[in-house]
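# Structural overview for review
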Amino acid sequence: MQNKAPGKDISFDDLKEKIPLCAKKSINHKTIVKVKNISFGGKEIPFLSGPNTVESPELINGIGKMLKSLKLKGMRGGAFKPLTFPYRSKKYFEPGMQGLQWLKKAKDKNDLVVTTEIMELKYLEAVCKATDIIQIGSRNMQNFPLLTECAKTKMPIMLKRHYGSSLRDWLGAAEYILAEGNKNLILCERGVSVPHTHRSTSRFLLDLQVIPAVKEITHLPIISDPSHATFWAPWVEPMTLASIAAGCDGILMEVHPDPKNAAVDPLQPLNYSQFRKLINKSKKIAKCINRKIV
Ligand code: PEP
Ligand code: MN
């Protein structure tokens, strides 16, 4: 048998020795991660949509209401934010603990499953109480003590790929979570940054090919985040549709009622009307491959 799986940076020896818990045991081995009334890795393709930042109770509840009206079941929203630069615009303040409460209220009121990013262990209990899926952000992908403690809670975890990470290193981080006996793991591709390829056109490059690669070698569900990958709202629709066609098990999506006034990353959220159109198109693509947007 060849030592290196074609087209991947991970060898068959790696699969057996380094990532035994991530690796598929047989060709049809698949894990479906169920979170309340939705699931990742089966027929459903959940959208986890919402603002970058939980700016106010009105904002997050308004988005929750809009999602419910479209019969969607998942929401996102950041309370603790890893911002690239330390200087904050006048509009921005970190919502923190109160943001978690706003998120929880909006989720309960609109019957949604919610994810939020954790940055520091001291907030772990609060994040677990207020939300349903712990989001590990790109920048913390290899913060192993954080991964281990989050895994021990047995809460569902969404592990975003670092934008400079190989598939091998990403799955190594995933293995830390599975090694704690937490099987509720969802991977999230959010764009990579590769020198000398795409940088004249975009900050990140959505690695669509990693979706079939993850499915070929692991049993884990993988979702796609076209908002952070493109960093640019006009490209979010094509990259979402392409992700669904490529076989992703969910979408993480930024949506905001007034994108140009979003407190963080105003170039990437869709407005409500763009979002509605995207959901309609996504349903059509999903139907072609016998899947369902929820
Ligand atoms: C986010 O989802 O809000 C986020 C900060 O994403 P990433 O960690 O992928 O940059
Ligand atoms: Mn963001």
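Right, let's walk through the structure included here. (Residues numbered from 1 in each chain as written. Chains lettered and ligands numbered in written order. Predicted model: local features only at pLDDT ≥ 70, side-chain atom pairs only at ≥ 80, totals over all residues. Heavy atoms only, no water.)

### Things to note about a positive patch on the surface
Heads up, the condition is: Exposure above 30% relative accessible area and the absence of a salt bridge qualify a residue for a patch, where like charges join within 9 Å and nonpolar side chains (Val, Leu, Ile, Met, Phe, Trp, Tyr) within 5 Å. Surface exposure here means Shrake-Rupley accessible area, sampled with a 1.4 Å probe, where a residue is shielded only by the protein chains that are shown. Salt bridges are defined as contacts in which a side-chain nitrogen from Lys or Arg sits within 4 Å of a carboxyl oxygen from Asp or Glu. Asp and Glu are treated as the negative residues and Lys and Arg as the positive ones, with His and the ends of the chain left uncounted. For charged residues, the charge sits on one atom: NZ in Lys, CZ in Arg, CG in Asp, CD in Glu. A run of DSSP states H or I qualifies as a helix once it reaches four residues; a run of E qualifies as a strand once it reaches two. Both are numbered from the N-terminal end. Burial classes follow relative accessibility: with a 1.4 Å probe on protein chains only, a residue under 20% of its type's maximum area counts as buried, one over 50% as exposed, and anything between as partly exposed.
A cluster of basic residues, K43, K71, K283 and K292, forms a positive patch at the surface. Within the fold, K43 resides in the loop between β2 (38-40) and β3 (44-45). Among the residues examined, K43 registers a relative accessible area of 49% and is labelled partly exposed.

### Section: the coordination of the manganese ion (ligand 2)
Test applied: Sites may look incomplete because water is not among the atoms; the donors themselves are N, O and S atoms within 2.8 Å of the metal, or within 3.2 Å for Na, K and Ca.
Around the manganese ion (ligand 2), the protein contributes the donor atoms N52 (ND2), H228 (NE2) and E254 (OE), at 2.0 to 2.6 Å from the metal centre. The sequence pattern describing where the donors of the manganese ion (ligand 2) fall on their chain is N-x175-H-x25-E. Taken as a pair, N52 in the loop between β4 (47-50) and α2 (57-69) and H228 in helix α8 (residues 226-230) lie far apart in primary sequence, 176 residues in all. Note on accessibility: N52 and H228 belong to one class, buried.

### So, the nonpolar core
Heads up, the condition is: The definition of a nonpolar core used throughout is a set of buried Ala, Val, Leu, Ile, Met, Phe, Trp, Tyr and Cys residues joined through side-chain atoms within 4.5 Å. We call two residues in contact whenever any of their non-hydrogen atoms come within 4.5 Å of each other.
Among the nonpolar cores identified, the biggest contains 71 residues, and F47, I134, L159, W170, L187 and F275 are the most heavily contacted of them. Residue contributions to this core peak at seven residues, all from helix α6 (residues 167-178). If we skip the residues at most four places from it in the chain, L187 touches L159, W170, L171, A174, V214, L220, P221, I222 and I223. If you look at the next biggest cluster of nonpolar residues, it comprises 13 residues, including L48, I133, M158 and V294.

### Here's the deal with the side chain of D249
Going by this rule: Polar contacts here mean pairs of N or O atoms no more than 3.5 Å apart (in protein, one a potential hydrogen donor and the other a potential acceptor; neighbouring residues in sequence count only if both atoms are side-chain atoms).
Relative to the helices and strands, D249 resides in the loop between α9 (236-246) and β11 (251-254). Given a relative accessible area of 1%, D249 falls into the buried group. Of note is the side chain of D249, whose polar atom sits 2.7 Å from the side chain of R291. Discounting chain neighbours no more than four positions away, the residues touching D249 are F40, G41, E44, I45, P46, K215, L220, P221, I222, I223 and R291.

### Details of the site of ligand 1
This is how the line gets drawn: Only a single heavy atom is needed: when it lies within 4 Å of a molecule or strand, its residue is near that molecule or strand. Space inside and on the surface of the protein is sampled on a 1 Å grid over the protein atoms alone, with a cavity defined as a set of points where a 1.4 Å probe fits but cannot get out and a pocket as an open set with protein on both sides within 12 Å along at least 5 of 7 lines; lining residues have an atom within 4 Å of a point. Should more than half of a molecule's atoms lie within 2 Å of a pocket's or cavity's grid points, that molecule is taken to sit in it. Residue polarity is assigned by list, with Asp, Glu, Lys and Arg as charged and Ala, Val, Leu, Ile, Met, Phe, Trp, Tyr, Cys and Pro as nonpolar; anything else, Gly included, falls into the polar class.
In the region of ligand 1, the neighbouring residues are R76, K81, P82, E117, Q135, G137, S138, R139, K160, R190 and H228. At a separation of 2.6 Å, an oxygen atom of ligand 1 approaches a polar side-chain atom of R190. Among the cavities detected, the one that contains ligand 1 is the largest pocket. Residue classes in the shell around ligand 1 are distributed as one nonpolar, four polar and six charged.

### A few points about a nonpolar patch on the surface
Together, W232, W235 and L267 line one region of the surface with nonpolar side chains, adding up to about 300 Å² of accessible area. Looking at where L267 falls in the secondary structure, it is placed in the loop between β11 and α10 (272-288). Classification of L267 by relative accessible area gives partly exposed; the value is 48%.

### Describing the environment of D169
By secondary structure assignment, the location of D169 is in helix α6. Considering only alpha carbons, one finds D169 and N184, 15 residues apart in sequence, at a separation of 19 Å. Sequence-distant contacts of D169, defined by excluding residues within four places in its chain, comprise M141 and Q142.

### Thoughts on unusual backbone geometry
For D111, which is not glycine, the phi dihedral falls at a positive 55°. If you trace the backbone, D111 turns up in the loop between α3 (96-110) and β6 (113-118). Residue class for D111 comes out exposed when judged on its relative accessible area of 51%. Although it is not a glycine, N290 adopts a positive phi angle of roughly 60°. Assignment of secondary structure puts N290 in the loop between α10 and β12 (292-293).

### Comments concerning the layout of surface pockets
The line we're drawing: Grid points are joined across faces, edges and corners, and a volume is the space filled by probe spheres set on the points.
Taken as a whole, the largest pocket holds about 580 Å³ of empty space. What lines the largest pocket is a set of 31 residues, and nearest its centre among them are N52, L83, T84, V264 and D265. For the lining of the largest pocket, the class distribution of residues is eleven nonpolar, ten polar and ten charged.

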